[in-house]
Amino acid sequence: MIQELGVQALINIFSHLIFIIITWQVIQAVRLDGIFKKDRIIEGRILVILITIVIGSTVSRFFIDLINWTQQVLYLF
């Protein structure tokens, strides 16, 4: 039981990291430099990083929940 929790924790960590990296790659493909003021480049980069973390974590959480729900459906039968 405790080992299962550890494995699940590792899967969650890797899932979040993978989706954050994928989101970072996608956001880098979009030209966002024109949105930010010229003297606020650092704040713009921080905002992009925070948006990347939020989107990546949300997508990861969705897939983790979906996997958990599909495993729990088996209890219906």
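Keep in mind the model is a prediction, meaning the values are calculated, not measured.

*Asks:* Residue-level account of the overall build of the protein, with values.
*Replies:* The helix and strand inventory of the protein stands at two helices and zero strands. In terms of overall size, the protein is more extended than a compact globule, its C-alpha atoms giving a radius of gyration of 17 Å where 77 residues would be expected to give roughly 11 Å. Overall, the C-alpha framework of the protein stretches about 60 × 25 × 15 Å when taken along its three principal axes. Taking all 77 residues of the protein together, the buried fraction comes to 14%. Taking contacts inside the protein between residues at least 6 apart in sequence as the whole, the part at least 24 apart equals 79%.

*Asks:* Account for the side chain of Ser15, naming residues and giving values.
*Replies:* When you line up the elements, Ser15 lands in helix α1 (residues 2–29). If we skip the residues at most four places from it in the chain, Ser15 touches Ser60 and Ile64.

*Asks:* Go over helix α2 (residues 41–72) with me, naming the residues and quoting the values.
*Replies:* Taking 1.5 Å of rise per residue, 32 residues should cover 46 Å, and α2 covers 46 Å from first to last C-alpha, within 8% of that figure. Restricting attention to buried positions, one finds in α2 the residues Gly44, Val48, Thr52, Gly56, Ser60 and Ile64. Buried residues belonging to α2 abut α1.

*Asks:* An account of the packing of aromatic side chains is requested, with residue identities and associated values reported.
*Replies:* Given two aromatic rings, their pairing is described by the distance between the two centres and the angle made by the two planes. Within this structure, the stated rule accounts for two aromatic pairs. Taken together, the ring pairs connect Phe19, Phe62 and Phe63 into an aromatic cluster.

*Asks:* Please give an account of the environment of His16 that cites residues and values.
*Replies:* You can see His16 is positioned in helix α1. Judged by relative accessible area, which is 21%, His16 ranks as partly exposed. Distance from His16 to Trp69, taken between C-alpha atoms, is 18 Å for residues 53 residues apart in sequence. Not counting residues within four places of it along the chain, the set of residues in contact with His16 comprises Ser57, Ser60, Arg61 and Ile64.

What counts, and at which threshold
- Residues numbered from 1 in each chain as written.
- Predicted model: local features only at pLDDT ≥ 70, side-chain atom pairs only at ≥ 80, totals over all residues.
- Heavy atoms only, no water.
- Helix = DSSP H or I, 4+ residues; strand = E, 2+ residues; numbered from the N terminus.
- Rg over C-alpha atoms; globule rule 2.2 N^0.38 Å.
- Buried < 20%, exposed > 50% of the residue type's maximum accessible area, 1.4 Å probe, protein only.
- Contact = heavy atoms within 4.5 Å.
- Expected span 1.5 Å × (residues − 1).
- Phe/Tyr/Trp six-rings, centres within 6.5 Å; stacked < 30°, edge-to-face > 60°.

By themselves, these are just geometric observations and shouldn't be taken as functional.
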